[in-house]
Amino acid sequence: MNPAVRCQNVIKVYDTGGQKVTALNGINLDIAAGELMMLVGPSGCGKTTLISVIAGILDQDEGSCEVFGENLLNMRSRDKLNFRAHNIGFVFQAFNLLPSLNAAENVSVPLIINGMKRVEAERKAITVLEHVGLGERWTSLPSQLSGGQQQRVAIARALVHSPRLIVCDEPTSALDHETGRNVMTLLKDVAMHKDRTLVIVTHDARIFDFADRIAEMDDGHIIKVKDSR
Ligand SMILES: Nc1ncnc2c1ncn2[C@@H]1O[C@H](COP(=O)(O)OP(=O)(O)OP(=O)(O)O)[C@@H](O)[C@H]1O
Ligand SMILES: [Mg+2]
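As the structure is a computational prediction, the values presented were derived from the model and not from experiment.

Asker: Explanation requested: the coordination of the magnesium ion (ligand 2) in the structure shown.
Answerer: In ideal tetrahedral geometry, four donors around a metal make angles of 109.5 degrees, whereas ideal octahedral geometry with six donors gives angles of 90 or 180 degrees. Protein ligation of the magnesium ion (ligand 2) involves Thr48 (OG1) and Gln93 (OE1), the donor distances falling in the range 2.0 to 2.5 Å. Of the two residues, Thr48 is situated in helix α1 (residues 47-54) and Gln93 in the loop between β6 (88-91) and α3 (103-113); the sequence distance between them amounts to 45 residues. The partly exposed category is assigned to Gln93, whose relative accessible area is 43%.

And the structure:
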């Protein structure tokens, strides 16, 4: 069977004002469908860059990255948006919630992009907010929520449209131990029972036991992949 994600010799160089930074320096990585893969490594080693390439948010300079057999780099931008809207959920390191929308409206966005009616989308959004323990707070604006609560809204938004691939950048960084484990239990459940693929960047050693495999990055390379099943 094809892997859910296949990266081959992926290279990404940022060029800001003449200064070049090689963020990804030849990444090879296969992630199986249904797998929960964690990505670890020191700050600045390229984790966010790699998952941004995988999710089609950022174009690499060299190499290929296929998601469910599709090469996002070659897609027309409209097809790429459509593919991402149906297949990928992304939790950003900085949450990226829309400040003028309440929690339920924020979580509804992927459903509305996919053509669902607003009322139905909000109803669905509220059920997913209940799963992350925020059922009571669906009318709150991001500014009225704590960092950990905003993080859980961002996670609900990444799950609401049942994407086949869920990519999370530090999903437990703002959460206490118990809430972090609850969120991971939810993500793991989604992965196991619905055959979803998860890629999770984390520094949080308290959640390593949820991983099927852990890929260790350093300086734009994957230096080790550890099987933890
Ligand atoms: N937009 C950008 N322009 C220039 N350089 C960038 C840009 N984004 C990231 N970089 C650089 O690329 C390298 C990898 O960054 P990246 O954000 O992928 O690291 P990271 O592993 O996610 O780090 P952290 O754990 O701190 O989030 C770093 O040296 C960073 O400074
Ligand atoms: Mg990062």
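Asker: Explain the site of ligand 1 here, please?
Answerer: Near ligand 1 lie 14 residues; those nearest to it are Ser43, Gly44, Lys47, Thr48 and Thr49. Contacts to ligand 1 include Ser43, whose side-chain N or O atom sits 2.6 Å from an oxygen atom. A distance of 3.0 Å is found between an oxygen atom of ligand 1 and a side-chain nitrogen or oxygen belonging to Gln93. Burial of ligand 1 by the surrounding chains reaches 65%, relative to a free accessible area of 640 Å². It is α1 that contributes the most residues to the shell around ligand 1, three residues altogether. Tallied by class, the residues present in the shell around ligand 1 amount to five nonpolar, eight polar and one charged.

Asker: Looking at this structure, I do not really get the layout of surface pockets. What am I missing?
Answerer: Picture a little ball the size of a water molecule; that probe, rolled over the atoms, points out where space is still empty. Estimates place the volume of the largest pocket at around 420 Å³. Forming the walls of the largest pocket are 17 residues, and the residues nearest its centre are Arg84, Ile88, Phe92, Pro110 and Ile113. When the residues that make up the lining of the largest pocket are grouped by side-chain class, the tally is 12 nonpolar, three polar and two charged. What the second largest pocket holds in volume is close to 300 Å³.

Asker: How should helix α4 (residues 118-131) be read in this particular structure?
Answerer: Note: α-helices contain 3.6 residues per turn, so residues at a spacing of three or four share the same orientation. Here α4 contains 14 residues, and its C-alpha end-to-end distance of 20 Å stays within 8% of the 20 Å for a straight helix at 1.5 Å per residue. Along α4, the residues that are buried comprise Ala121, Glu122, Ala125, Ile126, Val128 and Leu129. Buried residues in α4, looked at end-on, bunch into an arc of 165°, giving them a common side. Exposed positions of α4 whose direction lies more than 90 degrees from the buried face are Val119, Arg123 and His131. The first or second residue beyond α4 is Gly133, which carries a positive phi of 80°.

Asker: Whenever I open this one, empty space enclosed by the protein confuses me. Can you help?
Answerer: Using the criterion set out here, one finds one cavity of 30 Å³ or more in the structure. Volume-wise, the largest cavity comes out at about 60 Å³. Taken together, Val53, Ile54, Gly56, Leu58, Asp59, Gln60, Cys65, Val67, Asn71, Leu72, Leu73 and Lys80 make up the lining of the largest cavity. Only α1 and β4 (62-67) provide two or more residues apiece to the lining of the largest cavity. In terms of residue class, the lining of the largest cavity is made up of seven nonpolar, three polar and two charged.

Thresholds, definitions, all that
- Residues numbered from 1 in each chain as written.
- Chains lettered and ligands numbered in written order.
- Predicted model: local features only at pLDDT ≥ 70, side-chain atom pairs only at ≥ 80, totals over all residues.
- Heavy atoms only, no water.
- Donors = N, O, S within 2.8 Å, 3.2 Å for Na, K, Ca; no water.
- Helix = DSSP H or I, 4+ residues; strand = E, 2+ residues; numbered from the N terminus.
- Buried < 20%, exposed > 50% of the residue type's maximum accessible area, 1.4 Å probe, protein only.
- Near = heavy atom within 4 Å.
- Polar contact = N/O pair within 3.5 Å; in protein donor to acceptor, adjacent residues only side chain to side chain.
- Areas by Shrake-Rupley, 256 points an atom, 1.4 Å probe, with all protein chains shown as cover.
- Nonpolar A, V, L, I, M, F, W, Y, C, P; charged D, E, K, R; others polar.
- 1 Å grid on protein atoms, 1.4 Å probe; cavity = no way out; pocket = protein on both sides within 12 Å on 5 of 7 lines; lining within 4 Å.
- Points joined across faces, edges and corners; volume = space filled by probe spheres on them.
- Expected span 1.5 Å × (residues − 1).
- Arc of directions from axis to C-beta.

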